[in-house]
Amino acid sequence: MRLKAIQAKAFGRLEKWESSSITEGLVVIYGPNEAGKSTLFHLIKTLLYGWHPANKEEHPYTPWQGANPHIEGLIEEKEGSVFSVVRQLTSRPSGVMITENRTQNLGNLPLPQVNFLPREIYEHIYALTVDELSLPTPKVWAHLEDQLFGGQFAPFIRPVRTVIEELKNEANSLWRTDRRGQPQAKEIADKLRILYQRRKAAAENDKNLYRLQAERDQYLQQLRASTEEKIRANTGLERLQRLYPVQKRIAQIALLKEKAGDLEKYSGIPANIQDVLPELENKIREKQTRLDKIGEREEQLSENPPVLSKEEYALLDYEKEIVRLSNSYHLIEAELKKLDEVRKEGEFSVLRLHELSRDLFTGGWNRQYIPAIKEINEANLGAELKGYKQAFNRYQETLAQYQGLQARLEKGVGFVLKIIAVFFLGGIGIYRLIFNDLLEGLIFLLVGVGVGYSLNLYSYPELKKMKATMEKLAEEIKQEKDVIIQELRELPFSLKRIESPDESLLIDLQRLRDILTELEKVELREKNILEHIKDKEKILNEVCNRCNFSQDNFLSDIEMLEKALLKAQEKNNLVKKSEQEKEVLQKEREILENELRASVKEHLSYVSILEEIGGESVQENIRIFLERRKQWETSQALEEDLYREYPHLEELQKEIEYLEEEGENWLDYDQKIARAKEKSAEIEQKIVEINRQLGKLNSDLINGEKEERLDELCGEIAHLEDKRDYVLKKRDRLILLSNILKEADFRFREKHQPDVLQKAGKYLETITAGKYNRISLEEERKSLYVHSQKDGEFIEAGPSLSRGTLEQIYLALRLALVEHLEQSFNPLPLFFDEVLVNWDSFRLENGLKILTELAQKRQVFLFTCHDWLKDYLREKENVQVLDI
Amino acid sequence: MSLRFLHLADVHLDTPFQNKEPHERQLLREALRRAFQEAISLAINHQVDALLIAGDLFDNETLSFSTEKYLLQQLEKLHQVGIRVFYTPGNHDPYGSNYRLSRIPWPANVHIYKQADPETVSLKDDQGEVKAYIVGAGHEGSREKRNLAQEFPQAEGDIPFIGVLHTYVGGYQEIGEHERYAPCSVRDLLAKNYAYWALGHIHQGQVVHEDPFVVYAGSLMGRNIREEGIKGAYLVEIEGKNVVQAKFIPLASVCWLQVTLADLANITQLKELEKRIKDTLSEIVAGYAGLALFIRLLLKGPCPLYYELADEVNIATLAEEVALSLELSHLEISAEGILRPLCIADYQDKPHVVSTVLELITKLKEDDELLANLAPSPLAKSGVNNGQDELTYLRKLLTDLEPEVVARLVEVKKR
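Residues numbered from 1 in each chain as written. Chains lettered and ligands numbered in written order. Predicted model: local features only at pLDDT ≥ 70, side-chain atom pairs only at ≥ 80, totals over all residues. Heavy atoms only, no water.

**Student:** Report on the overall build of chain B, specifying residues and quantitative values.
**Tutor:** Across its full length, chain B carries ten helices and 17 strands. The burial tally for chain B puts 54% of its 415 residues in the buried class. Taking the intrachain contacts of chain B between residues at least 6 apart in sequence as the baseline, contacts between residues at least 24 apart amount to 70%. When the accessible surface of chain B is split by element, carbon and sulfur atoms take 45% of a total near 18400 Å². (Helix = DSSP H or I, 4+ residues; strand = E, 2+ residues; numbered from the N terminus. Buried < 20%, exposed > 50% of the residue type's maximum accessible area, 1.4 Å probe, protein only. Contact = heavy atoms within 4.5 Å. Areas by Shrake-Rupley, 256 points an atom, 1.4 Å probe, with all protein chains shown as cover.)

See the structure below:
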C-alpha cells in the first residue's frame with residue numbers, strides 16, 4: 001500500500017495543504033521543526049484507521065480555528081489498483097473509500113486493508129523516531145525485547161515482564177514462599193495463630209466452665225448431701241435428746257411390768273384382796289347362820305298352818321257382796337221402813353177408795369174401774385150433772401114434792417154394805433195378786449165382783465102428779481141421767497148415786513181420781529222400794545244358800561253374814577300371812593344360798609388364782625400378788641404420766657423402735673450427744689467450706705462466661721480463614737496468571753522471534769555491511785546477542801557495543817518486526833523520524849541502502865529537518881524529497 | 001382429634017458467624033438466640049402439642065457453655081407448660097458418646113432419637129389418649145450416609161404418623177450446596193403414608209410435597225449470604241390424619257440478601273453509583289420492613305469506575321453511606337465483578353501477546369497437563385495436594401481470568 005497523494009483541508013497546522021504526487025521509493029519529508037512532520041504521520045494514520053479520538057473537540061488535530069478536520073488521500077494497492085479515502089470529523093466522524101467501481105462508506109472504521117494490524121501497533125511500530133534509537137539503556141533494551149519480540153508493539157500493551165513483576169509483587173504481598181516481608185497471608189496467619197490460641201483458650205475455657213459446672217454440681221450435691229447429713233445429724237441429736245427421756249421412762253415402765261409379770265390372769269383379783277378374803281369368809285359364815293334360822297322358821301310354819309273352811313272360802317268369795325250388803329244395811333233398813341209406810345199409805349188410800357167406792361159403786365171398789373174413772377170427762381160430766389141437777393132439781397122439786405110424799409115412805413140401807421163388801425173383797429183380791437198369791441187374790445176378786453154384781457140399784461117412782469111431771473121430769477132426768485149413765489157407763493155406780501147423780505158424784509169422782517193418783521204414787525213408791533230391796537234380797541239369799549246359813553230376816557241375816565265374814569277374813573289373813581312369810585323366807589333362802597355360793601365361789605376363785613403365784617400360803621401369795629400389783633400400778637401410773645406428758649407417745653415409741661432397729665441401744669447417752677454435736681459442728685464446717693468453694697466456683701463461672709466465646713472466635717477465625725483462602729487463592733491466581741503470561745510471552749516469542757531475528761540478522765548484516773550477520777536471544781539471561789562475522793563470536797548487545805551498533809541492531813529488529821507482522825498482507829507505509837541523523841557516513845550509506853531497498857517493497861517516509869541530510873538524500877536514486 | 005405442632009430445624013445455635021465486624025457477629029448471635037426464643041414463645045402461645053426439631057439444633061463443636069445453659073432454659077419453659085419436644089439429631093449434632101449432645105442434661109420433656117434405627121413414640125393428650133405417633137431417627141455420626149427413611153415403619157390405623165428426620169431428599173431442585181447426608185427420595189417418604197414429614201438439613205425452607213406434606217422447615221435464621229430470605233418454622237395443624245394447615249411463620253429478625261447490580265457502563269461518578277445503589281436497594285428493603293438486613297451487593301460488568309472501585313476505601317465509604325442511609329444492619333459491596341470497559345474480543349486473534357495470553361487461557365481450560373505445568377509452585381492454598389483437587393482448584397482460578405489479564409496487560413490511561 002502506497003500513498004500517491006495526500007491532502008489536508010484541515011488537519012492541525014496543515015490547512016489546505018496538498019502534497020505533490022508521491023512517487024515510488026523513499027519519500028523524504030523535509031521541514032523544520034514544528035513544520036508538521038509528525039502531523040503528516042498522524043494524517044496518514046488517520047486516513048488508514050479513522051479518527052481517534054472520534055470527537056472533534058477532543059481530537060488533537062482539530063484546527064485551532066475550529067474548522068472540521070478533513071483529509072483526503074489517494075492510495076495505491078500492492079497490485080496497482082488505486083482508491084481514494086476521504087475522512088472528515090464533524091459532529092461525528094465520517095469516511096469514504098472511493099474506488100473505481102464504488103464508494104464505500106467507512107464511517108470511522110479502518111480501511112479493510114489494515115484490519116490485520118491494530119491501529120496502536122501501527123502507530124507504535126511503523127513510526128520510528130531517533131529517540132528510540134538513542135537510548136540503549138538496559139531498561140530500553142528490556143522494552144525493546146518486549147516490543148520487538150514480546151509482541152508488545154503498542155503502548156497500550158504493557159510489558160509482560162512488568163506485568164509479571166507486578167503480579168509477583170502483588171502475589172508476594174499476599175503470600176510468600178519465604179519468610180520475608182509481611183504479606184497479607186502471613187498477617188492473617190499470625191492473626192489466625194493468635195485466634196487459634198484464643199480459640200483453644202476459649203475451648204479450654206468452655207471445658208473449664210463445664211468442669212467448673214460439674215465441680216459446682218458436685219459441690220451442690222455435696223452441699224445437699226451435707227445439708228441432709230446436717231439435718232439428719234441435728235435430727236438425730238434432737239431425736240436423741242427428745243427420745244432419750246421417753247425411752248428411759250419406757251424402759252423403767254417395761255422393767256416394772258416385767259417385775260409385775262403377767263397379771264392378766266390375776267385380773268379378777270381385787271386390789272384389796274387382803275381385806276376381801278376375810279370379808280368373804282365372814283360373809284359366808286353370816287349367810288350360813290341366817291340360812292339356818294330361816295330353816296327353823298319354815299319348819300315352824302309348816303307344822304301348824306291356818307286353814308279356811310268351805311263356808312269361809314264361800315264367805316270370802318262373797319266378800320264383796322257381803323260388804324255391799326253390810327254397807328246397804330241401813331239403807332235396806334230405811335227402805336223396809338219406808339215400804340211399811342208406803343204400804344200403810346196404800347192401804348189407807350185403798351181404804352179410802354173402798355170407803356168412797358162403797359157408796360159410789362156397786363160392789364165397792366174395784367181396780368178395774370180405774371181406767372173408766374180416768375176416762376170420764378169431768379167437764380162433760382159436770383155439764384151433764386148440771387143438766388141433770390137442773391132436771392133433777394126440777395124433778396126434786398117435784399120429787400120433793402113427790403118424796404115429800406114418798407120420803408117418808410122408804411129409806412134403803414143394804415146397798416152400802418154391799419159396796420163395802422165389794423170393796424173389801426176386791427181389795428183383798430188385789431192385795432193377794434200383788435203379793436204373789438194369785439189364786440187367793442182371784443178368789444177374792446170374784447167374790448167381790450159377785451158381790452158387786454149382786455148389787456142393783458133401783459129407782460123410786462114419782463108421785464103421780466107429780467109423777468107425770470116427775471115422769472116427764474124423770475124422763476128428762478132419765479135422759480139426763482142416761483147421758484150421765486152413758487157417760488159413766490163403764491162404772492158400776494151404785495144406783496143410789498147414779499139414780500140421782502149430783503155434783504157430789506163429780507166431786508167423788510174427783511176425789512176418787514185424787515185417791516187413785518195418790519195410790520198410784522204409793523204403789524209406784526212401793527214398787528220402787530221393792531225393786532231396791534229385791535236385788536239385795538236375792539244376793540242375800542244366794543250368799544246364805546252358799547254359806548249354808550239359815551236365814552232369819554233381812555237385816556239379821558246381813559248382820560250374821562257380816563260377822564261371819566269378819567271372822568273368815570281374819571282367818572284368811574292368818575293364812576295369807578303365813579304364806580307370805582313362807583314366800584319371804586323362801587326368797588331370802590334363795591338369795592342367801594346364791595350369795596353364799598357366789599361368795600364361796602369367789603373365795604375359791606381368789607384362792608385358786610393366788611395359788612398359781614406359788615407361795616407357801618395364801619397369805620404369802622397375797623403378799624407377793626400385792627407386791628407385783630403395786631409394781632404394775634406404778635408402771636401404769638408412769639405410763640399415764642408419760643402419755644399425759646407426751647400426747648403423741650405412739651409416734652415417739654415408733655421412732656424409738658425404729659432407732660433401736662437401727663441399732664440404738666440407748667447407752668452412753670452423754671457421749672452420744674457430745675459426739676452428735678461434734679459431728680453437727682463438723683458438717684456445719686464442711687457446709688461453710690462447700691459454700692466457700694461454691695462461691696468461688698460461681699465467681700469463676702461468671703468470670704469464665706465473660707471470657708471470649710468459642711463461636712465468636714470461630715466466626716472470626718472462619719472470617720479470617722475465608723479471607724486467607726481468598727488471599728491464597730488470589731495469590732495462586734496471580735501466580736498462575738504470571739505463569740500464563742510468562743508462557744504466553746514465551747510462546748509468542750517462540751512463534752515470532754526466529755523469523756524476526758532471522759530477518760533482523762539480514763537487516764543488520766546489510767546495515768553493518770557484514771560486520772554482524774546474526775542476532776540471537778539468550779532466553780535464560782534475557783539478553784540479545786549479535787554475531788560478529790569477524791570474530792565468529794556472539795557479543796551481547798549491551799554496553800560493550802557502540803551506540804551506533806546498538807541503534808543499528810534496533811533498527812534491524814524494528815524493520816524485521818514490521819516485515820514479520822505484515823507477513824502476506826499489504827505492506828503499510830513506514831515512517832522514520834531522523835533515524836539516520838546520528839549515523840556515520842558508512843553506516844548512513846548502508847542504512848540508506850536498507851531504506852531504499854525497503855521502499856521498493858513498501859512506502860517509506862523519512863522525516864528530517866536537517867538540510868545536509870536532505871541534500872544528501874536528494875542526490876540518491878529512488879528518493880523523492882517533499883517539503884512541508 | 002386435632003394435633004398442633006411446631007416444626008423447626010437447622011437452628012445451628014452458636015454457629016460461627018463469619019462477618020468481619022465483631023458487633024455484627026454479636027448481633028447475629030443474639031438474633032439467632034432471639035429467633036429460637038420466638039419459636040419457644042410461639043409454641044407456648046399456640047399451645048402446641050409438640051415441638052419437632054429435625055436436627056442441627058446446634059453446631060457441635062462451638063456450642064458454648066452459656067448457650068447450652070440458654071438452650072436448656074428455653075426447653076425448660078416448654079417443660080413447664082407440658083409441651084413435649086421431639087428431637088432428631090443431624091450431622092452437626094449427632095448423638096454419640098463422642099458428641100456434645102449426649103452429654104447435655106436434657107429436661108424430661110425432650111425426647112431424643114438417639115439411633116439411626118427409627119423409633120416410634122406416642123404423643124398422648126391429658127387423658128392419656130394417643131394423638132399421634134412421632135417417628136424419628138437420629139444421626140449417630142457426623143457423616144451418616146445411609147438411607148434412614150427407608151427403615152421407617154409403615155403408618156397404620158387412624159392415628160396420624162409424623163416423621164421427623166434430618167435428611168437430604170434427592171430428586172428435586174434444591175437451593176444451595178449440601179452434603180448428601182442420610183439421603184432418601186420423596187418416593188421413600190411418600191411410601192410410608194405419613195401425615196407429615198418434618199425434615200431438616202436443607203436450609204432453604206420449602207414444601208417438597210403436598211398431600212401428604214413433606215416439608216423442610218429451613219434454617220431458623222440465615223447464617224450467611226448463602227442462606228438468603230426470611231427464615232422461620234412451620235406451624236402445623238392436623239385434624240384426624242389430614243394436615244389442615246402447614247403455615248410458615250417467620251421468626252428470624254435477620255434476613256440475608258444478595259443483590260446484583262449490573263449495567264454500570266455509564267456510571268462515571270461514585271456519587272452517581274451511590275444513588276443507583278440506593279435506588280435499587282431501597283425498593284428491595286421496603287419488602288423486608290422490620291428485619292435487620294444483611295445485604296451483599298455484587299457490582300458486576302464494565303464500569304468506568306473500575307479503578308475507583310478497586311480502592312477498598314472507596315468501597316467501604318460507599319457501603320457505609322448506603323447502609324446508613326437505608327438503615328441496613330450490614331452492607332457488603334463487592335466490586336470484584338467490575339470490569340474495565342474493555343472488549344475482550346478486541347484483543348483476540350491479534351498479532352500481539354495479549355491475544356496469545358487469551359488463546360493460552362482458553363487452551364488451559366481444556367488442557368489439564370498444560371494447566372498443571374503452569375500451576376504455581378508451591379501453591380499458597382493448602383490442602384490441594386491431590387492431583388485432581390489441584391486441577392479443580394486451578395480451573396477455578398482460571399474463572400474470569402481473561403478480563404483480568406487484559407486489564408493488566410492493556411495500558412489504559414487512568415482518568
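**Student:** So what about helix 17 (residues 503-546) of chain A? Which residues, and what values?
**Tutor:** Its 44 residues place the ends of helix 17 of chain A 62 Å apart at the C-alpha level, agreeing with the 64 Å of an ideal helix rising 1.5 Å per residue. One or two residues past the end of helix 17 of chain A sits N548 of chain A, with phi positive at roughly 55°. (Expected span 1.5 Å × (residues − 1).)

**Student:** Which residues make up the sheet that holds strand 3 (residues 26-30) of chain A, and what values go with them?
**Tutor:** Residue and element names in this part refer to chain A. Pairing is parallel across the open sheet formed by five strands, whose spatial order is 8-12-13-3-14. Where the open sheet ends on each side, the last strands, each with one partner, are strand 8 (127-129) and strand 14 (879-883). Going from strand to strand, the sheet's axes swing by 20° on average, the running direction of each strand aside. Strand direction decides the pairing type here: strand 3 and strand 13 (residues 860-864), joined by five bridges, are parallel. If you follow L26 over to strand 13, its bridge partner there is V860. (Pairing = 2+ DSSP bridges. Axes fitted to C-alpha atoms, helices over the stretch in contact; angles between N-to-C directions.)

**Student:** Any chance you could break down the sheet that holds strand 2 (residues 14-18) of chain A for me, citing the residues and the numbers?
**Tutor:** Residues and elements named next belong to chain A. The strand order 2-1-4-5-6-7 describes an open sheet built from six strands, whose pairing is antiparallel. Unpaired on one side and paired on the other, strand 2 and strand 7 (103-105) mark the two borders of the sheet. Strand-to-strand twist across the sheet, computed as the mean angle between neighbouring axes with direction ignored, equals 20°. Inspection of the sheet shows strand 1 (residues 2-11) paired to strand 2 by four bridges, in the antiparallel sense. Residue pairing across strands places F11 opposite L14, the latter belonging to strand 2.

**Student:** Describe the confidence of the model for chain B, with residues and values.
**Tutor:** Across chain B, the average pLDDT comes to 89, with 97% of residues at 70 or higher. Across the interfaces of the predicted complex, the ipTM metric reaches 0.85, alongside a pTM of 0.57. (pLDDT = per-residue confidence, 0-100.)

**Student:** An account of the pairing of strand 3 of chain A is requested, with residue identities and associated values reported.
**Tutor:** Residue and element names in this part refer to chain A. Most of strand 3 is tucked away: five of the five residues are buried. Residue alternation in strand 3 divides its side chains into two sets, L26, V28 and Y30 and V27 and I29, and both sets are buried. In this structure, strand 3 lies alongside strand 14, joined through five bridges in parallel fashion. Paired with I29 across the bridge in strand 14 is L882.

**Student:** I'd like a description of the interface of chain B and chain A, backed by residues and values.
**Tutor:** Taken together, the contact pairs 58 residues of chain B with 54 residues of chain A. When the two sides are added together, the surface that chain B and chain A hide from each other amounts to roughly 4700 Å², 62% of it contributed by carbon and sulfur. When the buried area of chain B at its contact with chain A is split by residue, F65, P351 and R408 of chain B rank highest and sum to 17% of it. A salt bridge links E705 of chain A to K69 of chain B, with the shortest nitrogen-to-oxygen separation between them at 2.9 Å. The interface formed by chain B and chain A holds 25 residue pairs in polar contact (both at pLDDT 80 or more) in total. Looking at the side of chain B that touches chain A, the elements that each hand over two or more residues are helix 1 (22-45), helix 2 (65-80), helix 7 (353-364), helix 8 (368-374), helix 9 (387-398) and helix 10 (401-409) of chain B. Among the elements that line the side of chain B that touches chain A, the one with the most residues is helix 7 of chain B, at eight residues. (Buried area = accessible area lost by both parts, 1.4 Å probe. Salt bridge = Lys/Arg side-chain N within 4 Å of Asp/Glu carboxyl O. Polar contact = N/O pair within 3.5 Å; in protein donor to acceptor, adjacent residues only side chain to side chain.)

**Student:** So what's going on with a negative patch on the surface? Which residues, and what values?
**Tutor:** Residues and elements named next belong to chain A. Taken together, the side chains of D292, E296, E299 and E303 present a region of like negative charge at the surface. Along the chain, the position of E303 falls in helix 7 (residues 273-303). For E303, a relative accessible area of 53% puts it in the exposed group. (Patch = residues over 30% accessible without salt bridge, like charges linked within 9 Å, V, L, I, M, F, W, Y side chains within 5 Å. Lys, Arg positive; Asp, Glu negative; His and termini not counted. Charge placed at Lys NZ, Arg CZ, Asp CG, Glu CD.)

**Student:** So what about the packing of aromatic side chains? Which residues, and what values?
**Tutor:** Residue and element names in this part refer to chain B. Inspection of every chain in the model, using the stated rule, returns 21 aromatic pairs over all chains. When the ring of Y234 is compared with that of F248, the centres are 5.5 Å apart and the planes differ by 65°; the resulting orientation is edge-to-face. One end of the pair, Y234, is in strand 13 (residues 232-239); the other, F248, is in strand 14 (residues 242-250), and 14 residues separate them in sequence. For Y234, a relative accessible area of 7% corresponds to the buried category. Where W256 meets F294, the ring centres are 5.0 Å apart and the plane angle is 40°; that geometry is what we call tilted. Within this pair, whereas W256 is found in strand 15 (residues 254-261), its partner F294 is found in strand 16 (residues 292-302), the two being separated by 38 residues in sequence. When sorted by exposure, W256 lands in the same class as F294, which is buried. (Phe/Tyr/Trp six-rings, centres within 6.5 Å; stacked < 30°, edge-to-face > 60°.)

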